[in-house]
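# Structure assessment
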Amino acid sequence: MTFLLTEELADAIASALENQERRFVVDAEKEALSDAASVEADEVRYYALPEWDSAAGFKLREAFVASVYAPLVKSELIEVLHSGRGVFRNFKTVLKRFPEVEKRWHRFKNKKLREYIGGWYNDLREIWGLEKLDHIVEEYDDLLRNDFTFQAYDSARDADCILHSVCVCGFCSALPDDTDCNEIENAAGELWRHLFAFGESVRQTGFICRTPDGDFAGCITAADLSSRTETTAVLTSFFVPESYRGLGIGSELFSLCLADLQKRGKRYVVTANTIIPDSLVALFERNGFRKTGSGFAAKIQ
């Protein structure tokens, strides 16, 4: 007896695979799950679910952590995976402190489980003499805009928020151990504030990202340099708080800003007179920037 793998049934199977306390089978007649304690899998009406154990769950979590780029949560999750005790419980506890990363985990897990279930179902269809189906699972990172709002920068609404949210830190890693990091970071902060103030003086444009609750989750702004450089803009701010890094926010902000600058007739973007952390270099390069001296520049059209 064959059965259709409906969305409802696939969701039920995904939940059942993670249930280590009870076993289930698929009732092909009802196209629903039944408790394996009450019926016996016969591969005619009742089909055993694909194998899934704690080792598979651990590998799934390892794969997810490898995809996380937010340094703080990544290091904590790696520590949990290597702890050897209470891994699944502690993994869940860490993610609770990082709601946006937790959402990515659930999407990642759902996508991988649905792919696994789809492969198992296609194996059954092959036994039944039926053609295999294409199981296209929505990419979890494509839902960024459902979790965050991206708005055009408004000075009256956003300037104070950005100034109070941005934290300049992490610039002392390559300096001698006796370096006064507070002094260096304060200086970097002042440098950034002067550049941002310049942008305000010439009506800078850009975008700001917020969570559904309205919390600041990132920003990017750019401004004209002068009337003598009409086709060049300078980045006056670019920042994503540590707890929201690795979610694609920075890439989305870059994409929105560069597209807007192109519409405004800009051909070049530079990052002079500001400090670019090593962690952001790859992101700049992916968006067409190249290192020039101590700064970066990009030709955008």
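Here's a quick rundown of the structure. Per chain, the residues get numbers from 1 upward, laid out in the order the sequence is written. Owing to the predicted nature of the model, reporting of local features is limited to residues with pLDDT of at least 70; listing and counting of side-chain atom pairs is limited to 80 or more, with chain, interface and lining totals taken over all residues. To obtain the side-chain values, all non-hydrogen atoms of the structure were used and water was disregarded.

Let us look at the sheet that holds strand 6 (residues 216–224). Taken in spatial order, the 7 strands line up as 4-5-6-7-8-10-9 in an open sheet, and their pairing is mixed. A strand with exactly one partner marks an edge of an open sheet, and here the two such strands are strand 4 (149–152) and strand 9 (290–292). The average undirected angle you get between the axes of adjacent strands in this sheet is 25°. Relative to strand 10 (residues 295–299), strand 9 is paired through 3 bridges, and the arrangement is antiparallel. Strand pairing is assigned whenever DSSP identifies at least 2 bridges connecting the two strands. Only DSSP runs of H or I reaching four residues or more are called helices, and only runs of E reaching two or more are called strands; each is numbered from the N terminus. Angular values range over 0 to 180 degrees, each being the angle between N-to-C directions of two axes fitted as lines to C-alpha atoms, with helices fitted over their stretch in contact.

Salt bridge, as used here: a side-chain nitrogen of Lys or Arg that lies within 4 Å of a carboxyl oxygen of Asp or Glu. Counted under the stated rule, the structure contains 15 salt bridges. The partner of Asp11 in a salt bridge is Arg114, and the shortest N-O contact between them spans 3.1 Å. Of this pair, Asp11 sits in helix 1 (residues 7–17) while Arg114 sits in helix 5 (residues 99–127), and the two are 103 residues apart along the sequence. For Arg114, a relative accessible area of 16% gives the class buried. A salt bridge links Glu29 to Arg45; the shortest N-O distance between them is 3.7 Å. Linking Glu29 in the loop between strand 1 (24–27) and strand 2 (32–35) with Arg45 in the loop between strand 2 and strand 3 (46–48), this pair joins segments that are 16 residues apart in sequence. Exposure classes here rest on a 1.4 Å probe applied to the protein chains alone. A residue is buried below 20% of its type maximum, exposed above 50%, and partly exposed in between.

This paragraph deals with the packing of helix 3 (residues 71–81) against helix 4 (residues 87–96). Where helix 3 meets helix 4, the closest approach of the two axes is 9 Å, and the angle between their N-to-C directions is 165°. Judged by the angle between their axes, helix 3 and helix 4 are roughly antiparallel. Both helix 3 and helix 4 take part in a crossing whose hand is right-handed. Note on element contacts: helix 4 touches helix 3 through Val87, Asn90, Phe91, Val94 and Leu95, opposite Val73, Glu76, Leu77, Val80 and Leu81. Looking at the contact of helix 3 with helix 4 residue by residue, the classes come out as 8 nonpolar, 1 polar and 1 charged. Note on terminology: angles under 35 degrees are roughly parallel, angles over 145 are roughly antiparallel, angles of 65 to 115 are roughly perpendicular, and the others are oblique. Handedness of each helix crossing follows the sense of rotation of the near helix against the far helix: counterclockwise by less than a right angle gives left-handed, clockwise gives right-handed. A contact between two residues is defined here by any heavy atoms of the two lying within 4.5 Å. Gly is put with the polar residues, along with every residue not named as nonpolar or charged; the nonpolar set is Ala, Val, Leu, Ile, Met, Phe, Trp, Tyr, Cys and Pro, and the charged set is Asp, Glu, Lys and Arg.

All right, on to the packing of aromatic side chains then. What counts as a ring pair is set by centres within 6.5 Å for rings of Phe, Tyr and Trp (its six-membered ring), and what kind of pair is set by the plane angle: stacked under 30 degrees, edge-to-face over 60, tilted for all other angles. Counting across every chain of the model gives 19 aromatic pairs. An aromatic cluster of three or more residues is present, and its members are Phe3, Tyr47, Trp120, Tyr121 and Trp128. Here, over-ring charges are defined by two tests on the NZ atom of lysine or the CZ atom of arginine: distance to the ring centre within 6 Å, and angle to the ring normal within 35 degrees. Taking the ring centre of Phe88 as reference, the NZ or CZ of Arg61 above it sits at 4.0 Å. If you follow Arg61 out to its NZ or CZ, it ends over the ring of Phe91, 5.6 Å from the centre.

Since the α-helix advances by 3.6 residues per turn, residues separated by three or four positions end up pointing in the same direction. Taking 1.5 Å per residue, 15 residues should reach 21 Å; helix 9 (residues 249–263) reaches 21 Å between its end C-alpha atoms and fits that length. Buried within helix 9 we find Ile249, Gly250, Glu252, Leu253, Phe254, Cys257, Leu258, Asp260 and Leu261. The first or second residue beyond helix 9 is Gly265, which carries a positive phi of 85°. Expected helix span is given by 1.5 Å per residue-to-residue step, counting one fewer step than there are residues.

Interpretation note: all reported values are geometric properties and have no functional meaning in isolation.
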